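A closer look at the structure
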Amino acid sequence: MRCQLCGQPLRSSWSLPELLNLRPLQPAALCQQCNATLQKIDQTNICADCGRSGGPSPCRDCQRWRKMGEEVLNHRAIYEYNAAMKDLIERYKGIGDYNLRHCFIKDVTSFADLHCTFVPLCSEPKHLQRRGFDPVLGIFATLDLQQWLQKADTALPQAKKNRLSRMLTPQSFSCVCSPVHMAKAQRVCLLDDLYTTGRTFHHAAAALRKAGYQGEIISRSLIR
Ligand SMILES: [Zn+2]
Ligand SMILES: [Zn+2]
């Protein structure tokens, strides 16, 4: 195996909890040097609502979501969106290096402990056609994903918008799952690669509610 980012050979090493776990062992995808450029969020000091560094009281964005009557999603993310992560995501989503989906396989597999029904926030058709792959389905492929949500094409991708226009983006998700089927799931976890303003996650949650889902909804992303 070689490091997915720099290409140098990898030596596999597993921790005791990983060896004792019943799940298949996941080899590392990044070398120590590349791994050290990515910064994990300190989970002891985060906004209780969205998982952003610097809590524990709700951050200004989350106070606004609460005022707008949007539900609290108990969002958590693993990594900060630092320069190295921005480069990696540009290579993955922008240039289309699909192999990079393996970089986070260990992190993503740990989400299985949440024991939720995992609902990914899928790409809009235009983006899927252009890239030839769905970056979110790629990253979270080791989880049992339920594609309950569909996204319609939007005029401008979120990445090309400023903060205000992100917040004003109209709803583009619709739920394609029946209420009877959804009722079997006590807890849903929405999944996306990146949490920026929370607009996308709150739209996704609202689409599930509109379709009649009454259970608990939480959310997770790789990056915040
Ligand atoms: Zn490397
Ligand atoms: Zn927050």
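Only a predicted model underlies this, so the values are computations on that prediction, with no experimental measurement involved.

1. A look at unusual backbone geometry
- Although it is not a glycine, N74 sits at a positive phi angle of roughly 50°.
- Within the secondary structure, N74 sits in the loop between α3 (60–67) and β1 (76–79).
- A relative accessible area of 32% places N74 in the partly exposed class.
- Positive phi is not limited to glycine here, since H115 has a value of about 50°.
- The class for H115 is exposed, based on a relative accessible area of 68%.

2. Observations regarding the coordination of the zinc ion (ligand 2)
- The coordination sphere of the zinc ion (ligand 2) contains the protein donors C47 (SG), C50 (SG), C59 (SG) and C62 (SG), at a distance range of 2.3 Å.
- Bound by four donor atoms, the zinc ion (ligand 2) shows angles of 104 to 120° at the metal and therefore tetrahedral coordination geometry.
- Positions of the donor residues of the zinc ion (ligand 2) along the chain correspond to the pattern C-x2-C-x8-C-x2-C. Taken as a pair, C47 in the loop between α2 (32–37) and α3 and C59 in the loop between α2 and α3 lie far apart in primary sequence, 12 residues in all. Of the two residues, C47 and C59, neither departs from the other in class, the shared state being buried.

3. Section: the pattern of salt bridges
- The final tally for this structure, using the stated rule, is 10 salt bridges.
- Between R64 and D61 there is a salt bridge, with its nearest N and O atoms 3.7 Å apart. A residue pair is termed a helical-turn pair when its members lie 3 or 4 positions apart in one helix, as R64 and D61 do in helix α3 at three residues.
- By relative accessible area, which is 37% here, R64 ends up partly exposed.
- Of the residues examined, D61 reaches a relative accessible area of 6% and is grouped as buried.
- Each of R52, D61 and R64 takes part in one network of salt bridges that share partners.

4. Describing the side chain of E124
- With respect to the secondary-structure elements, E124 resides in the loop between β2 (117–120) and α6 (125–131).
- Those residues in contact with E124 that lie beyond four places of it in its chain are K151, A152, D153 and T154.

5. Some details on the coordination of the zinc ion (ligand 1)
- Looking at the metal site, the zinc ion (ligand 1) is ligated by C3 (SG), C6 (SG), C31 (SG) and C34 (SG), spaced 2.3 Å from it.
- Of note, the donors binding the zinc ion (ligand 1) are all from one chain and are spaced C-x2-C-x24-C-x2-C.
- A relative accessible area of 12% places C34 in the buried class.

6. Notes on α3
- Listed as buried for α3 are D61, C62 and W65. The buried side chains of α3 occupy one side of the element, clustering within an arc of 95° when seen end-on. Those residues of α3 that are exposed and angled more than 90 degrees off the buried face are R60 and K67.
- Note on α3: the residue one or two positions beyond its end, G69, has a positive phi of about 80°.

7. Looking at the packing of aromatic side chains
- Across all of its chains, the model carries six aromatic pairs by this definition.
- One aromatic cluster is present, formed by Y92, Y98 and F133 through successive ring pairs.
- Above the face of the Y81 ring, K86 is positioned so that its terminal group lies 5.2 Å from the ring centre.
- In this structure, K151 is placed above the aromatic ring of F173, and the distance from its NZ or CZ to the ring centre is 5.6 Å.

8. What about the confidence of the model for the chain?
- Across the chain, the average pLDDT comes to 90, with 94% of residues at or above 70.
- Ranking the elements of the chain by mean pLDDT puts helix α1 (residues 16–20) last, at 71, and β2 first, at 98.

9. Quick look at the pairing of strand β5 (residues 187–194)
- Summarising burial for β5: six of the eight residues are buried, a large majority.
- In this sheet, strand β6 (residues 216–223) lies alongside β5 in parallel orientation, the contact comprising seven bridges. Pairing of D192 across the sheet is with S221, part of β6.
- Crossover connection from β5 via helix α10 (residues 199–210) to parallel β6: handedness right-handed.

Analysis parameters
- Residues numbered from 1 in each chain as written.
- Chains lettered and ligands numbered in written order.
- Predicted model: local features only at pLDDT ≥ 70, side-chain atom pairs only at ≥ 80, totals over all residues.
- Heavy atoms only, no water.
- Helix = DSSP H or I, 4+ residues; strand = E, 2+ residues; numbered from the N terminus.
- Buried < 20%, exposed > 50% of the residue type's maximum accessible area, 1.4 Å probe, protein only.
- Donors = N, O, S within 2.8 Å, 3.2 Å for Na, K, Ca; no water.
- Tetrahedral: all angles 85-135°; square planar, octahedral: opposite > 155°, others 65-115°.
- Salt bridge = Lys/Arg side-chain N within 4 Å of Asp/Glu carboxyl O.
- Contact = heavy atoms within 4.5 Å.
- Arc of directions from axis to C-beta.
- Phe/Tyr/Trp six-rings, centres within 6.5 Å; stacked < 30°, edge-to-face > 60°.
- Lys NZ or Arg CZ within 6 Å of the ring centre and 35° of its normal.
- pLDDT = per-residue confidence, 0-100.
- Pairing = 2+ DSSP bridges.
- Right-handed = clockwise from strand over helix to strand, strands pointing away.

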